[in-house]
Amino acid sequence: MSYHDHHFHPFGYAATLTGLEVYESRSIDDLRKRLADHAERTDGAVIAERLNDERLAEGRLPTAADLDEAVRDRPVLVYRYCGHIAVANTAALGLAGVSAGTPDPVGGSFDRGPDGAPTGVLRETAIDVVAARVADHVAPTLDSEIIEALSTLPKMGIDSVTAILSPGEPLWVGVEDEIGTLVRLAPDLPIAVDVLVATRDPQELTDAAHRLATAEGPVRFHGWKDFSDGSFGGHTAAMYEAYFDRPETTGTVRLDHARAIEMGFTSYKLGGIVAIHAIGDLANDMVLDVMEELIKRGVHPESTRIEHASIMTPAAIERMARLGVTASVQPAFIASEEDWLEKRLGPERMEMVYPFRSFLDAGIPMVGGSDAPVEHPDPRPAIQAAVERKGFNTEEALTREEAEALFSPPNR
Ligand SMILES: [Zn+2]
């Protein structure tokens, strides 16, 4: 059996294998030790990947002050494992010029203390504000490290992936020009890579498609990717109803409808698909509005895809089926969110989350991915999670055969 991972971040994955990975941290003090140890062995900024704050004894995200105790004189950026939240130390905030007077960027926010001063917790696009400045202080990932990381995939049965790459500011710091790097590495790649380009600039998308066409290896342009919201873990997935454990928020909308229509057409004309991240029920409806308009105006339904489609109203599932939009799902989320998702959603919405059986029964085309480095790329435990659904509504379980089929290579 040869698997295809339909949602994969190759450079983020390489960063977790070559850099500092802190998923196993059990307390802020333990996190501090790991940061300080890493700082001693390296130069420049300290970047940590995959923090799971749900596992920390303190039961909260660290702050800039917490991180300063580990590393004060160099910038530190700690990413939550979903990638939608990061924590910066005071040096990193200073480098980016972020202070009490800095307004929140569109589609993101700085957590603030009572005096308006940023606490260091960055949500969604606020991460980019700091990461863009910190990136200059990070040693680039070596080509050999990237190839070595990707060489772990065939050992898990993965021969090809659909990768999300950014032509502008990198999605993960450490690789400067993600498209150029992939094109350069194409002759040596151990796997085939279909590329979804994450950008909001039509010209940048067109250029990326043309640059990918010059690759001398198993690399192809596959389309355009954008975000409409964030994650459950970061309280940024855009919901109709407030979070169960943070009743003051319903999440963060990152979608610009008119821009999405323009980008969608640009991608389609280039021979690509339209793939938009939507986790919350509100975000999924907003993305379906985009897809419906694109399809009405001539985009083939098979070229439209929602990344994650994590929670949807029954009416939205029906509309998605009628339109023929594909659901790109990540069964590994089920296993990793088992311990804490109910805190975010409450019991009622827990019944409705990751509705894989409902998708299949409605006739919605489905593909599966890991979203690595958010989750481990091995499809086998993910397939197991889709079948077992431990801690989740088991009526939405798939058979092993159905779950395996999510990871089949695309027929194109
Ligand atoms: Zn992703």
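A.B. asks: What is the right way to look at the overall build of the protein in this model?
C.D. replies: Of the regular secondary structure elements, the protein holds 16 helices and 14 strands. Principal-axis analysis of the C-alpha atoms gives the protein an extent of 55 × 50 × 40 Å. Every one of the 412 residues in the protein was classed for burial, and the buried ones make up 60%. Contacts spanning at least 24 positions in sequence make up 74% of the contacts within the protein whose residues lie at least 6 apart.

A.B. asks: What should I look at first to understand the coordination of the zinc ion in this one?
C.D. replies: Ideal donor angles around a metal are set by the shape: a four-donor tetrahedron calls for 109.5 degrees, a six-donor octahedron for 90 or 180 degrees. Protein coordination of the zinc ion is provided by H7 (NE2), H9 (NE2) and D371 (OD), with donor distances spanning 2.1 to 2.2 Å. The sequence pattern formed by the donor residues of the zinc ion is H-x1-H-x361-D. A single burial state applies to H7 and to H9, both of which are buried.

A.B. asks: What am I meant to see in unusual backbone geometry here?
C.D. replies: Peptide bonds are trans in most cases, and residues, glycine excluded, mostly fall at negative phi. P373 follows A372 through a cis peptide bond whose omega is 15 degrees. One can find P373 in the loop between β14 (366–368) and α15 (379–388). If you check the backbone angles, Y354 has positive phi at about 50 degrees while not being a glycine. Relative to the helices and strands, Y354 is located in the loop between α13 (341–350) and α14 (356–362). A relative accessible area of 2% places Y354 in the buried class.

A.B. asks: Would you take a moment to explain helix α9 (residues 257–269) for this structure?
C.D. replies: One full turn of an α-helix is made of 3.6 residues, so residues set three or four places apart face in the same direction. Here α9 contains 13 residues, and its C-alpha end-to-end distance of 18 Å stays within 8% of the 18 Å for a straight helix at 1.5 Å per residue. Within the span of α9, buried status applies to A260, I261, M263, G264, F265, T266 and S267. Next to the buried residues of α9 lie α8 (202–213), β10 (219–227), β11 (273–278) and α10 (281–296). Of the residues flanking the end of α9, it is G271, one or two places downstream, whose phi is positive at about 90 degrees.

A.B. asks: In this structure, what is going on with the nonpolar core? I would like to understand it.
C.D. replies: A general tendency of soluble globular proteins is for nonpolar side chains to be buried together. Counting 93 residues, the largest nonpolar core has F232 and F359 as its most contacted members. Sort the elements by how many residues they give to this core and α10 lands first, with seven residues. There are two domains that each give this core at least three residues, and those are domain 1 (3–13 + 140–406) and domain 2 (14–137). Formed by 19 residues, the second largest nonpolar core is a distinct cluster that contains A64, F110, A131 and V138.

A.B. asks: Can you help me understand the sheet that holds strand β3 (residues 46–51) in this one?
C.D. replies: Working definition: the strands of a sheet are paired by backbone hydrogen bonds and lie parallel or antiparallel to each other. Here six strands make up an open sheet; going across it, the order is β2-β3-β4-β5-β7-β6 and the pairing mixed. Of all the strands in the sheet, just β2 (20–21) and β6 (108–112) have a single pairing partner and so form its edges. As paired elements, strand β4 (residues 76–80) and strand β5 (residues 85–88) share three bridges and run antiparallel to each other. By the bridge assignment, V78 is partnered in β5 with V87.

A.B. asks: Can you walk me through the packing of aromatic side chains in this structure?
C.D. replies: Two aromatic rings, taken as a pair, are described by how far apart their centres are and by the angle between their planes. Tallied over the full model, the rule gives six aromatic pairs. Members of the aromatic cluster, each reached through a chain of ring pairs, are F333, Y354, F356 and F392. We note R389 situated over the ring of F356; from NZ or CZ to the ring centre the distance is 5.6 Å.

A.B. asks: What's the story with the packing of α8 against α9 in this structure? I'm lost.
C.D. replies: Between two packed helices, the angle of one axis relative to the other and the distance separating the axes together describe the packing. Packing of α8 against α9 leaves a shortest axis separation of 10 Å and a crossing angle of 20 degrees. Between α8 and α9, the angle falls in the class roughly parallel. When you trace α8 past α9, the crossing you get is right-handed. The residues of α9 that touch α8, namely those facing P202, L205 and T206, are E262, M263, T266 and S267. Among the residues making up the contact of α8 with α9, the classes are represented as three nonpolar, three polar and one charged.

A.B. asks: Could you clarify how one ought to interpret the pairing of strand β9 (residues 192–198) in this entry?
C.D. replies: Along a regular strand, successive side chains alternate from one face of the sheet to the other. Taken across its seven residues, β9 has six buried, putting it largely inside the fold. Relative to β9, strand β8 (residues 158–165) runs parallel, the two being bridged by six bridges. Note that in β9 the partner of S160 across the bridge is A192. In terms of strand pairing, β9 meets β10 through six bridges, oriented parallel. Paired with V197 across the bridge in β10 is W224. Once you follow β9 into α8 and on to β10, the crossover reads as right-handed.

A.B. asks: Is there a simple way to explain the pattern of salt bridges in this structure?
C.D. replies: Side chains that carry opposite charge are capable of pairing whenever their charged atoms lie near each other. Summed over all chains, the structure comprises 31 salt bridges. Where R344 meets E54, a salt bridge forms, and the shortest distance between an N and an O atom there is 2.7 Å. A residue pair is termed long-range when its members are at least 10 positions apart, and R344 in helix α13 and E54 in the loop between β3 and α3 (64–68) qualify at 290 residues. The exposure class assigned to E54 is partly exposed, which follows from its relative accessible area of 23%. Bridged by salt links that share partners, the residues D29, R32, K33, R60, D66 and E69 form one connected network.

A.B. asks: What is the right way to read the side chain of S336 from this model?
C.D. replies: Among the structural elements, S336 can be located in helix α12 (residues 332–337). The residues touching S336, leaving out its near neighbours within four places in the chain, are Y23, Y81 and E375.

Cut-off values and rules
- Residues numbered from 1 in each chain as written.
- Predicted model: local features only at pLDDT ≥ 70, side-chain atom pairs only at ≥ 80, totals over all residues.
- Heavy atoms only, no water.
- Helix = DSSP H or I, 4+ residues; strand = E, 2+ residues; numbered from the N terminus.
- Buried < 20%, exposed > 50% of the residue type's maximum accessible area, 1.4 Å probe, protein only.
- Contact = heavy atoms within 4.5 Å.
- Donors = N, O, S within 2.8 Å, 3.2 Å for Na, K, Ca; no water.
- Expected span 1.5 Å × (residues − 1).
- Core = buried A, V, L, I, M, F, W, Y, C linked by side-chain atoms within 4.5 Å.
- Domains from an automatic or database assignment.
- Pairing = 2+ DSSP bridges.
- Phe/Tyr/Trp six-rings, centres within 6.5 Å; stacked < 30°, edge-to-face > 60°.
- Lys NZ or Arg CZ within 6 Å of the ring centre and 35° of its normal.
- Axes fitted to C-alpha atoms, helices over the stretch in contact; angles between N-to-C directions.
- Parallel < 35°, antiparallel > 145°, perpendicular 65-115°, else oblique.
- Left-handed = near helix turned anticlockwise from the far one by under 90°.
- Nonpolar A, V, L, I, M, F, W, Y, C, P; charged D, E, K, R; others polar.
- Right-handed = clockwise from strand over helix to strand, strands pointing away.
- Salt bridge = Lys/Arg side-chain N within 4 Å of Asp/Glu carboxyl O.

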